[in-house]
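# A closer look at the structure
Next come the chains, spelled out residue by residue.
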Amino acid sequence: MLYGTGLILLWTTLALAQTPDDLQRAADPGLSTTQREAAFERLLRQGAANPTDLIRASQDGEDTRRRWVAIRAMGHLNAPAVRDAVLQLLSDPEPAIRTAAVSAIGDLGDRSLTPRAIDALQDPAIIVRAAAAETLGKLRDPRAVPPLTDALFSPDSFYRGNSLWVRRHYIDAMGQIRDRLAIPPLIRAIDDADPAVASASLRALEDLTGLSFADGRSREQERTAWRRWAEAQRRAR
């Protein structure tokens with residue numbers, strides 16, 4: 001009887017060892033979105049009680065996808081240990097991990113971390129710079145407007161004279177921050193050679209000001225109306 005019980009315990013242990021944990025499930029592209037989201041929600045509940053396992057998973061192992069999921073889960077937890085771990089991961093050698101870390105800053109929603117997200121605008125990996133812009137848009141900290149402006153027109157945002165896709169993220173972030181410091185660079189960008197940047201700038205101006213000059217106007221007339229409005233605002237100061 002004891003022998004049989006021992007076998008049952010052994011088989012149960014082996015079965016559990018072969019069952020993917022919630023982190024593995026959340027990181028498994030073979031599962032449905034619903035299954036991954038359910039696993040992620042369980043991770044958040046577990047992490048809220050004890051974030052140690054998530055922090056360890058974010059730092060260890062060769063599975064980038066698992067580390068990425070762990071970091072994104074950490075962004076939803078309000079704990080000093082989590083914040084410290086996220087900041088350390090900003091210097092990880094893997095661009096995907098740095099991307100997850102800077103995105104987690106946006107999820108944390110702590111404006112005291114704005115300078116760290118600003119620093120990430122100069123990351124060598126374009127996906128990290130894009131994530132940094134998205135985070136700054138979430139934080140809505142006016143301090144980010146000048147660095148975003150610099151990034152928008154920086155030579156690093158062009159390749160062989162061509163505008164890189166990351167520039168649209170800088171525009172979107174300025175529109176989300178909704179600070180009037182962004183008006184001059186956005187006005188400048190409505191004439192950008194990159195049509196996507198020019199269109200994004202018009203949308204950002206509308207978000208920032210609550211105005212629109214699109215009705216009944218061609219795109220060029222719309223841009224002219226924005227220039228006249230900006231000049232009138234400048235003179236009124």
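Residues numbered from 1 in each chain as written. Predicted model: local features only at pLDDT ≥ 70, side-chain atom pairs only at ≥ 80, totals over all residues. Heavy atoms only, no water.

Our focus in this paragraph is the nonpolar core. Counting 69 residues, the largest nonpolar core has Leu148, Tyr170, Ile171, Met174, Leu186 and Trp226 as its most contacted members. Here this core gets seven residues from one element, more than from any other, and that element is helix α9 (residues 126-139). Excluding anything up to four places from it in sequence, isoleucine 171 contacts Leu152, Leu186, Ala189, Val197, Ala200, Ser201 and Ala204. (Core = buried A, V, L, I, M, F, W, Y, C linked by side-chain atoms within 4.5 Å. Buried < 20%, exposed > 50% of the residue type's maximum accessible area, 1.4 Å probe, protein only. Helix = DSSP H or I, 4+ residues; strand = E, 2+ residues; numbered from the N terminus. Contact = heavy atoms within 4.5 Å.)

This part covers helix α4 (residues 52-59). Those residues of α4 that fall on the buried side of the exposure criterion are Leu54, Ile55, Ala57 and Ser58. Down the axis, α4 shows its buried residues gathered within 165° of arc, on one side only. Against the buried residues of α4 lie α2 (22-26), α3 (33-49), α5 (64-74) and α6 (80-89). Positive phi shows up at glycine 61, right after α4, with a value of about 95°. (Arc of directions from axis to C-beta.)

Moving on, we get to the pattern of salt bridges. One side chain can pair with another of opposite charge once the charged atoms of both are near each other. As enumerated under the stated definition, the model contains 18 salt bridges in all. Here lysine 138 makes a salt bridge to aspartate 107, at a shortest N to O gap of 3.0 Å. Taken together, the residues lysine 138 in helix α9 and aspartate 107 in helix α7 (residues 95-108) connect sequence positions 31 residues apart. Classification of aspartate 107 as partly exposed rests on a relative accessible area of 23%. (Salt bridge = Lys/Arg side-chain N within 4 Å of Asp/Glu carboxyl O.)

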